[in-house]
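Below, each chain spelled out in residue letters.
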Amino acid sequence: MIYGENMDILESLNESQKEAVLATEGPLLIFAGAGSGKTKVITHRIAHLIREKRVPPYKIFAVTFTNKAAGEMKKRISSIIGGSGDDVFVKTFHSASVYILRRFGEQIGIHPNYSIYDTSDQESIVKAILGEMNIDVQKYAKRVISKISEVKDKAELIEGADPYAFLPKEYAVNYAEIYDEYNKRLRAANALDFNDLLIYAVKLLRDSPEVIEALQNKWSYFMIDEYQDTNRAQYMMAKYLAAKSRNICVVGDDDQSIYSWRGADISNILNFEKDYPEAKVVKLETNYRSTSYILDAAYSVVKNNRTRKDKRLNSFRGEGFMPVYCETNNEYGEAEFVVNTIRRLKREENLQYGNFAVFYRTNAQSRLLEDTLRHEAVPYRIIGSVKFYERKEIKDIVSYLRFVVNPCDTASLDRIINNPPRGIGARTVEKLKETAYAEQMSEWEIIDKDINIDGKVNKGLKQFKEIINSLINLYVGVPDKISLADFVEKVITVSTYRKHLEESSKTDSTGKEHDRLENIDEFINSAIEYEERTDNPSLEEFLQEISLLTSEENPENKQAEAVTLMTIHNAKGLEFNTVFLTGLEEGTFPHANSLNSDAQIEEERRLAYVGITRAMDRLYIISADVRRQFHQTVYRQASRFISEIDNELLERTRYTSAGSSSYSDYSESYSPVSGSAKRVSGGAKFSSQYSRGDLVKHPKYGNGKIVNIENSGDDTTLTVSFPGSGMKVFIEKYTPLVRI
DNA sequence: ACCGTCGCCATTTTT
DNA sequence: TGGCGACGGT
């Protein structure tokens with residue numbers, strides 16, 4: 001929809017949506033069911049504040065859960081009211097914290113060049129501590145980290161409660177001691193983890209009259225999205241900020257709370273009316289997204305939860321198609337059923353690949369789906385699996401940058417000191433750490449001052465010192481003398497990282513090393529983009545910003561016309577014409593780890609609810625009798641969520657894959673079973689110099705037979721079956737195939 | 001002492 | 001599948 005300058009902001013809203021938009025003063029709680037136009041209400045409410053109530057845009061503070069949602073919201077506000085929408089403060093809680101700390105952090109000893117530690121940095125710190133304490137690193141590192149996060153999620157540090165009371169007591173592992181040591185090392189490294197960002201921001205708000213006054217004067221209208229997913233610290237941040245104006249509007253849906261494992265506290269939304277007795281409550285109960293069959297199915301699942309406010313969405317749309325439950329023999333059958341159905345619907349119903357989404361509970365499940373789509377030449381994109389900024393090569397470069405900015409950053413130092421290899425081994429690093437500890441200096445000071453750690457001067461360390469020092473000299477000139485992007489380029493060359501990658505890509509036949517080079521160039525692009533869109537760009541800010549980024553938002557989906565694959569968690573807030581919910585088996589979904597607690601089962605059920613309600617027109621729920629996990633084959637029972645759906649709401653079917661348990665078997669004997677999934681190159685609006693059944697030769701795979709020819713976009717693709725290597729798909733115009 | 005290779009291991013969800 | 005530790009070669 002295009003919004004004209006004079007469009008009435010209220011025009012396209014229903015009664016309760018209008019009510020929510022107009023209630024601008026005082027606390028407001030909006031229960032927004034799935035698909036009820038929540039984002040529309042938030043953006044229109046902000047537009048209304050600005051245009052009708054004459055609230056300056058910069059007085060409005062809005063937080064969402066993900067960067068993507070924040071970006072989306074900004075865009076939509078601007079599309080209603082034009083450019084001034086850019087001045088609304090729209091961020092995530094974490095990036096809002098970064099904003100607060102950048103301005104006021106010095107008050108509590110947080111210098112603006114601090115590093116933000118993600119899970120892998122945390123791991124490196126915790127592993128070091130456990131190693132020194134002679135604790136089984138393998139076994140405990142993950143557990144310790146999750147315990148540390150758990151304590152911090154509860155924000156016990158802020159409220160003065162005893163954090164140790166929340167740590168487990170095990171004779172082999174002293175959690176309290178590790179916890180203290182961990183925090184000590186983060187402070188020494190001038191680093192904050194994700195939780196610290198929130199905690200320290202809240203501390204400032206609570207303890208510094210100057211800060212709270214400045215910020216309460218800065219913002220006077222607050223909007224918080226996904227309120228059911230806020231944790232303790234986020235709750236407190238909102239509370240402190242809005243304490244003066246009390247113009248706080250929270251939006252959420254207890255049925256869609258799926259982040260309790262990350263400290264989200266559902267009682268934050270359920271208790272809002274206690275916190276703000278004068279609060280107005282608006283319920284958005286008309287669903288514009290899904291047909292009533294789908295909504296009824298969703299309701300029949302979620303109503304089994306005990307800890308929820310009962311409510312039921314009305315569909316604005318008609319009855320629609322009955323959801324389909326397909327039982328398959330194994331995960332191959334599941335993947336084939338998905339592909340066949342996509343093909344059929346695309347052809348018969350004139351749908352596009354972009355109309356389809358495939359959801360799964362765990363990322364590991366994506367692999368076979370992905371393989372099958374690729375083999376069948378169905379374009380797809382995966383959201384959120386390997387995050388761009390978590391790729392090894394990106395983290396390496398970021399670590400160089402972080403270290404130059406903040407030379408106390410030991411996690412970064414550990415990463416780069418011998419990367420690329422320069423002859424600094426584990427023993428040397430160990431001695432370096434010992435010396436640093438003995439001298440009460442940072443490791444960098446030891447290196448920089450040529451302090452003797454080993455009876456002889458280490459050549460590698462000397463080399464490393466020169467690299468870092470020359471980069472520090474350049475860094476002083478950023479961004480005036482040297483642009484940020486050029487500096488990043490310098491880091492990549494001076495560190496010899498690029499050279500090293502180029503060399504290893506020569507001998508690498510998989511092309512992986514070459515991909516790494518491309519990713520590095522992509523990273524330079526992201527630095528250029530940052531510089532272009534920022535008024536006062538700084539390396540520090542750039543680094544902190546990307547630490548909070550989770551990729552998809554940046555390297556754009558180059559293929560818009562593609563099937564979307566993602567975890568259900570990632571699907572929140574999205575909608576698709578047709579949704580496949582895969583792996584509906586006890587142990588897969590609900591996940592095995594959640595099976596023995598009611599609270600966790602309820603969260604899994606909410607997750608199912610979120611998944612189902614993403615579908616607009618068609619919903620397919622799939623289970624497999626047998627699924628191979630890790631190394632073994634497990635027999636699975638259909639998920640309880642399926643039996644919770646009323647019988648008359650589900651069309652049942654079964655699909656059996658001709659393939660058995662290994663992919664090569666599958667390729668050899670693959671033949672589509674479903675009658676509607678004939679693999680003909682129908683329509684044939686494209687031309688090919690091959691026909692089905694032709695025998696061809698490939699330089700690497702040898703002789704094979706063409707089993708399918710299809711037009712995907714502009715290209716003609718050939719699917720060839722090789723006796724030795726299974727099925728491969730080629731784009732005809734690039735293929736090295738020769739007819740024999 | 002470091003570097004590369006081999007084989008073993010484990011995998012919920014993520015700002 | 002790939003990340004990580006152990007091991008043996010340089």
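**Let's talk about the confidence of the model for chain A**
Turning to step 1, where the next piece is worked out: Averaged over every residue, the pLDDT of chain A is 84; residues scoring 70 or more account for 84%.
Turning to step 2, where the next piece is worked out: Counting interchain partners and residues more than four positions distant, the pLDDT-below-50 stretch residues 1–6 has seven contacts.
Turning to step 3, where the next piece is worked out: In this model, residues 553–558 is a region of pLDDT below 50 whose contacts with residues beyond four sequence positions or in other chains number ten contacts.

**Here we look at the sheet that holds strand β7 (residues 248–252)**
Turning to step 1, where the next piece is worked out: Taken in spatial order, the six strands of this open sheet run β3-β2-β6-β7-β1-β8, and their pairing is parallel. One side of each edge strand has no neighbouring strand; the edge strands of this open sheet are β3 (89–92) and β8 (280–284). Within this sheet the neighbouring strands show an average axis-to-axis angle of 15°, counted without direction.
Turning to step 2, where the next piece is worked out: Here strand β1 (residues 28–32) pairs with β8 via five bridges, running parallel. Bridge pairing in β8 links L28 to K280.
Turning to step 3, where the next piece is worked out: Helix-sheet contacts for helix α1 (residues 15–22) involve β1 and β8, and the interaxial angle to β8 is about 145°.
Turning to step 4, where the next piece is worked out: Helix α4 (residues 93–104) contacts β2 (60–64), β3 and β6 (221–224) of the sheet and is inclined by roughly 115° relative to β3.

**Comments concerning the packing of aromatic side chains**
Turning to step 1, where the next piece is worked out: Overall, the coordinates contain 24 aromatic pairs when judged by the stated rule.
Turning to step 2, where the next piece is worked out: Both rings, one in F337 and one in Y620, keep their centres 5.9 Å apart while their planes meet at 65°; by these two values the pair is edge-to-face. You can see F337 sitting in helix α15 (residues 331–348) and its partner Y620 sitting in strand β16 (residues 615–629), a full 283 residues away along the chain.
Turning to step 3, where the next piece is worked out: Taken together through their ring pairs, the aromatic side chains of F61, F89, Y99, W219 and F222 make up a single cluster.
Turning to step 4, where the next piece is worked out: Across from the ring centre of Y99, 3.9 Å away, lies the NZ or CZ of R103, which sits over that ring.

**A word on the pattern of salt bridges**
Turning to step 1, where the next piece is worked out: Scanning the model with the defined rule gives 52 salt bridges in all.
Turning to step 2, where the next piece is worked out: Between R312 and D296 there is a salt bridge, with the nearest N and O atoms lying 3.1 Å from each other. Here R312 is found in the loop between α14 (292–302) and β10 (314–315), whereas its partner D296 is found in helix α14, with 16 residues between them in sequence.
Turning to step 3, where the next piece is worked out: Owing to a relative accessible area of 24%, D296 belongs among the partly exposed residues under this scheme.
Turning to step 4, where the next piece is worked out: Salt-bridge contacts for D371 lead to R374; the nearest nitrogen and oxygen are separated by 3.4 Å. Taken together, the residues D371 and R374, both in helix α16 (residues 366–375) and three residues apart, mark about one turn of the helix.

**A look at the environment of S16**
Turning to step 1, where the next piece is worked out: As for its placement among the helices and strands, S16 is situated in helix α1.
Turning to step 2, where the next piece is worked out: Residues S16 and I30, spaced 14 residues apart in sequence, show a C-alpha to C-alpha distance of 9.7 Å.
Turning to step 3, where the next piece is worked out: Contact partners of S16, with chain neighbours within four places excluded, come to V282, K283 and L284.

**Concerning helix α17 (residues 392–405)**
Turning to step 1, where the next piece is worked out: Here α17 is 14 residues long and its end C-alpha atoms lie 20 Å apart, about the 20 Å a rise of 1.5 Å per residue gives.
Turning to step 2, where the next piece is worked out: Here α17 lies mainly inside the structure; 13 of its 14 residues are buried.

**Side note on the protein's contact with DNA strand C**
Turning to step 1, where the next piece is worked out: Around DNA strand C sit Q138, R367 and K512, and those are all the residues in its vicinity.
Turning to step 2, where the next piece is worked out: Counting only atoms of DNA strand C within 4 Å of the protein, the fraction found in sugar and phosphate groups is 100%.
Turning to step 3, where the next piece is worked out: The separation between a sugar or linking oxygen of DNA strand C and a polar side-chain atom of R367 is 3.3 Å.

**What about the environment of G460?**
Turning to step 1, where the next piece is worked out: One can find G460 in helix α21 (residues 459–475).
Turning to step 2, where the next piece is worked out: Distance from G460 to G423, taken between C-alpha atoms, is 5.4 Å for residues 37 residues apart in sequence.

**Thoughts on helix α2 (residues 38–51)**
Every α-helix carries 3.6 residues per turn, so stepping three or four residues along brings you back to the same face.
Turning to step 1, where the next piece is worked out: For α2, built from 14 residues, the straight-helix expectation of 20 Å at 1.5 Å per residue is met to within 8% by its first-to-last C-alpha distance of 20 Å.
Turning to step 2, where the next piece is worked out: Burial analysis of α2 places 13 of its 14 residues in the buried class, the great majority of the element.

**Looking at the nonpolar core**
Turning to step 1, where the next piece is worked out: Core analysis: the largest hydrophobic core is formed by 48 residues, its most contacted members being L401, I417, F464, F487, V488, F523 and L539.
Turning to step 2, where the next piece is worked out: With eight residues, α17 is the single largest residue contributor to this core.
Turning to step 3, where the next piece is worked out: Ignoring sequence-local partners within four residues, the contact set of F487 consists of L401, V404, L471, L474, Y475, V478, I482 and L539.
Turning to step 4, where the next piece is worked out: Counting 44 residues, the second-largest nonpolar core is a separate cluster that includes L192, L198, Y235 and A279.

Conventions used here
- Residues numbered from 1 in each chain as written.
- Chains lettered and ligands numbered in written order.
- Predicted model: local features only at pLDDT ≥ 70, side-chain atom pairs only at ≥ 80, totals over all residues.
- Heavy atoms only, no water.
- pLDDT = per-residue confidence, 0-100.
- Contact = heavy atoms within 4.5 Å.
- Pairing = 2+ DSSP bridges.
- Helix = DSSP H or I, 4+ residues; strand = E, 2+ residues; numbered from the N terminus.
- Axes fitted to C-alpha atoms, helices over the stretch in contact; angles between N-to-C directions.
- Phe/Tyr/Trp six-rings, centres within 6.5 Å; stacked < 30°, edge-to-face > 60°.
- Lys NZ or Arg CZ within 6 Å of the ring centre and 35° of its normal.
- Salt bridge = Lys/Arg side-chain N within 4 Å of Asp/Glu carboxyl O.
- Buried < 20%, exposed > 50% of the residue type's maximum accessible area, 1.4 Å probe, protein only.
- Expected span 1.5 Å × (residues − 1).
- Near = heavy atom within 4 Å.
- Polar contact = N/O pair within 3.5 Å; in protein donor to acceptor, adjacent residues only side chain to side chain.
- Core = buried A, V, L, I, M, F, W, Y, C linked by side-chain atoms within 4.5 Å.

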